[in-house]
Amino acid sequence: MAPARVVAVVLLAVGSLLLSAAADTATAPSPQPFVWQKAHATFYGGADASDTMGGACGYGNLFAEGYGTRTAALSTVLFNDGAACGQCYKIACDRKRADPLFCKPGVTVTVTATNFCPPNDALPNDNGGWCNTPRPHFDMAQPAWEKIGVYKGGIIPVMYQRVPCVKRGGVRFRINGHDYFNLVLVSNVAAAGSIKSMDVKSSDSEDWMPMARNWGANWHSLANLTGKMLSFRLTNTDGHTLVFNDVVPKGWTFGQSFVSKLQF
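Residues numbered from 1 in each chain as written. Predicted model: local features only at pLDDT ≥ 70, side-chain atom pairs only at ≥ 80, totals over all residues. Heavy atoms only, no water.

**Digging into the overall build of the chain**
Line of reasoning, step 1. Within the chain, the regular secondary structure consists of three helices and 14 strands.
Line of reasoning, step 2. Here the chain, with 264 residues, has 42% of them falling under the buried criterion. (Helix = DSSP H or I, 4+ residues; strand = E, 2+ residues; numbered from the N terminus. Buried < 20%, exposed > 50% of the residue type's maximum accessible area, 1.4 Å probe, protein only.)

**Remarks on the layout of surface pockets**
Line of reasoning, step 1. Space inside the largest pocket adds up to approximately 250 Å³.
Line of reasoning, step 2. The biggest single contributor to the lining of the largest pocket is strand β4 (residues 108–116), with three residues.
Line of reasoning, step 3. Residue composition of the lining of the largest pocket, grouped by class: six nonpolar, four polar and five charged.
Line of reasoning, step 4. In this model, the second largest pocket occupies a volume close to 210 Å³.
Line of reasoning, step 5. Forming the walls of the second largest pocket are W36, A92, C93, D94, R95, K96, P105, G106, V107, T108 and M159. (1 Å grid on protein atoms, 1.4 Å probe; cavity = no way out; pocket = protein on both sides within 12 Å on 5 of 7 lines; lining within 4 Å. Points joined across faces, edges and corners; volume = space filled by probe spheres on them. Nonpolar A, V, L, I, M, F, W, Y, C, P; charged D, E, K, R; others polar.)

**Let's talk about unusual backbone geometry**
Line of reasoning, step 1. In this structure, the amide linkage connecting T133 to the following residue, P134, adopts the cis form with an omega of 10°.
Line of reasoning, step 2. Relative to the assigned elements, P134 resides in the loop between β4 and β5 (137–141).
Line of reasoning, step 3. Here the phi dihedral of D81 falls at roughly 55°; this positive angle occurs in a residue that is not glycine.
Line of reasoning, step 4. As for its placement among the helices and strands, D81 is situated in the loop between α2 (76–79) and β3 (88–93).
Line of reasoning, step 5. For N188, which is not glycine, the phi torsion reads 60° and is therefore positive.
Line of reasoning, step 6. Tracing the backbone through its elements, the reader meets N188 in the loop between β8 (181–187) and β9 (195–202).
Line of reasoning, step 7. For N188, a relative accessible area of 4% puts it in the buried group.

**Comments concerning empty space enclosed by the protein**
Line of reasoning, step 1. A full pass over the atoms with the stated rule returns one cavity of 30 Å³ or more.
Line of reasoning, step 2. Considered as a void within the structure, the largest cavity measures approximately 80 Å³ in volume.
Line of reasoning, step 3. Considering the residues around the largest cavity, the lining is formed by 15 residues, among which Y59, C85, V186, I195 and A217 are closest to the centre.
Line of reasoning, step 4. Here the lining of the largest cavity is built from residues that sort into nine nonpolar, five polar and one charged.
Line of reasoning, step 5. Built from parts of two domains, the lining of the largest cavity gets at least three residues from each of domain 1 (37–163) and domain 2 (172–259). (Domains from an automatic or database assignment.)

**Details of the packing of aromatic side chains**
Line of reasoning, step 1. Going through the model one piece at a time under the given rule, you end up with ten aromatic pairs.
Line of reasoning, step 2. Consider the rings of Y59 and Y67, whose centres lie 4.6 Å apart with planes at 35°: the pair is tilted.
Line of reasoning, step 3. Pairing W252 with F254 gives two aromatic rings, centres 5.1 Å apart and planes at 85°, and the pair type is edge-to-face.
Line of reasoning, step 4. A relative accessible area of 3% means that W252 is categorised as buried.
Line of reasoning, step 5. We classify F254 as partly exposed; its relative accessible area is 28%.
Line of reasoning, step 6. In textbook terms, an aromatic cluster arises when at least three aromatic residues are bridged by ring pairs, as seen for F43, W145 and Y151. (Phe/Tyr/Trp six-rings, centres within 6.5 Å; stacked < 30°, edge-to-face > 60°.)

**With respect to the state of the cysteines**
Line of reasoning, step 1. Inspection of the entire model under this criterion finds four disulfides.
Line of reasoning, step 2. Paired through a disulfide, C88 and C165 show a sulfur-sulfur distance of 2.1 Å. Taking the sign of the torsion about the S-S bond as the criterion, the disulfide between C88 and C165, at about 120°, is right-handed. Here C165 lies in the loop between β6 (156–163) and β7 (172–178) and C88 lies in strand β3, a separation of 77 residues in the sequence.
Line of reasoning, step 3. With relative accessibility at 5%, the residue C165 sits in the buried group.
Line of reasoning, step 4. Covalently, C117 is tied to C131 through a disulfide, its sulfur atoms 1.9 Å apart. Taking the torsion about the sulfur-sulfur bond, which here is approximately 90°, the covalent link between C117 and C131 counts as right-handed. Here C117 is found in the loop between β4 and β5, whereas its partner C131 is found in the loop between β4 and β5, with 14 residues between them in sequence.
Line of reasoning, step 5. Numbered by position along the chain, the disulfide-linked cysteines of the chain connect as 1-2, 3-8, 4-5, 6-7. (Disulfide = S-S within 2.5 Å.)

In structure tokens:
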């Protein structure tokens, strides 16, 4: 074979490999970008947000847990049976759809999902049944809502998008329950904000045991782990996993909270 033909064949082969690699890269899965979507927003909890404490995610005192007044209760389609607990959303009044008297344009507020806004099937979806399926809706803490809306408006159309959560310090764990029922609240989760799966391992075992979502941000195990040193393995809803080795010391008791040094 002539040298020129050899070079041509080699270049053709290299070109084919590059095209194949480019095709593989193009079809490889990648994280979906956060996009703006339409919804509506109301408010609750009073001017000081005192009535937003507790909630369907189980965070309890939102001030003590670091969530403050930038929180929201989500409608059924957004809450997803508690899987959305801890997620963060940037929200803006939709000036294209809103009454200009009740909209503060050019301003956004970021809130954390801490509660569930239940449907009210006795009222129409567009007149009081704001959180009915299939409506995406945010019932925001009043101080957060008033960043983007005027109080007299009551309800405003909004644009929203999922955004990464920014938190101070590490992930926190609070253990409640009793022997053979360990209920662990996971809070202060950055990045995705929400947890997809959780496992526990005690100091006297080499095996990870899966935990199940009990309600909201609470996960449970039916093993007898009382007083044992514990490690947790969390996978967030973005698919990232962190292992919290020995985060719960030996001799712990129910009702205690533990702050880790790790964060997503």
